[in-house]
Amino acid sequence: ARPLEERRAKHSPLKDVAGMLRSFSYAAYAALVSYTNRRPEAAKQLEPWARLWERSASMAFLEAYRAGVAGRKLLPESPAAEEALLRAYLVDKALYELIYELNNRPGWVRIPLWGLFSL
């Protein structure tokens, strides 16, 4: 949905990192939604496990990514600046997903909403 020129523009690598982190969220919550559509009574019990898996996978990915780019000056030097930029990209990605789901899969709108609310 974004213009080609915008998609080709250079961005911080954290934009791709945010995309990967959102993918972990989608994997966890798509599985949760699929399962609880058949067994709605399990939603409250399983949602914390989906959240735990998402956060564990995200932390492992971030640790490995940071180790892989250490010393390459690809990320902001300040941890606070890195966190702020990553959060901004996560919000941007989740808002993009929300618009996509509203237009294409309204039943999945809750997945990007969970991501936005968790930020």
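Summarised in this report is the structure supplied together with it. (Residues numbered from 1 in each chain as written. Predicted model: local features only at pLDDT ≥ 70, side-chain atom pairs only at ≥ 80, totals over all residues. Heavy atoms only, no water.)

This next bit is on the packing of helix α2 (residues 13-38) against helix α5 (residues 110-118). Put simply, α2 and α5 touch, their axes get as near as 9 Å, and they point 130° apart. Relative to α5, the element α2 is oriented oblique. Crossing handedness for the pair α2 and α5: right-handed. On the side of α2, the interface is formed by Arg22, Tyr26, Tyr29, Ala30, Leu32, Val33 and Asn37, while α5 contributes Arg110, Ile111, Pro112, Trp114 and Gly115. Residues of the contact of α2 with α5, tallied by class, amount to 8 nonpolar, 2 polar and 2 charged. (Axes fitted to C-alpha atoms, helices over the stretch in contact; angles between N-to-C directions. Helix = DSSP H or I, 4+ residues; strand = E, 2+ residues; numbered from the N terminus. Parallel < 35°, antiparallel > 145°, perpendicular 65-115°, else oblique. Left-handed = near helix turned anticlockwise from the far one by under 90°. Contact = heavy atoms within 4.5 Å. Nonpolar A, V, L, I, M, F, W, Y, C, P; charged D, E, K, R; others polar.)

Core analysis: the largest hydrophobic core is formed by 12 residues, namely Leu14, Val17, Ala18, Leu21, Phe24, Ala57, Leu62, Val69, Leu75, Leu86, Tyr89 and Leu90. Those elements that provide at least two residues to this core are α2, α3 (43-69) and α4 (79-104). Counting residues per element, this core draws most heavily on α2, which supplies 5 residues. In this structure Leu75 touches Leu14, Tyr65, Arg66, Val69 and Glu82, once residues within four positions along its chain are discounted. (Core = buried A, V, L, I, M, F, W, Y, C linked by side-chain atoms within 4.5 Å. Buried < 20%, exposed > 50% of the residue type's maximum accessible area, 1.4 Å probe, protein only.)

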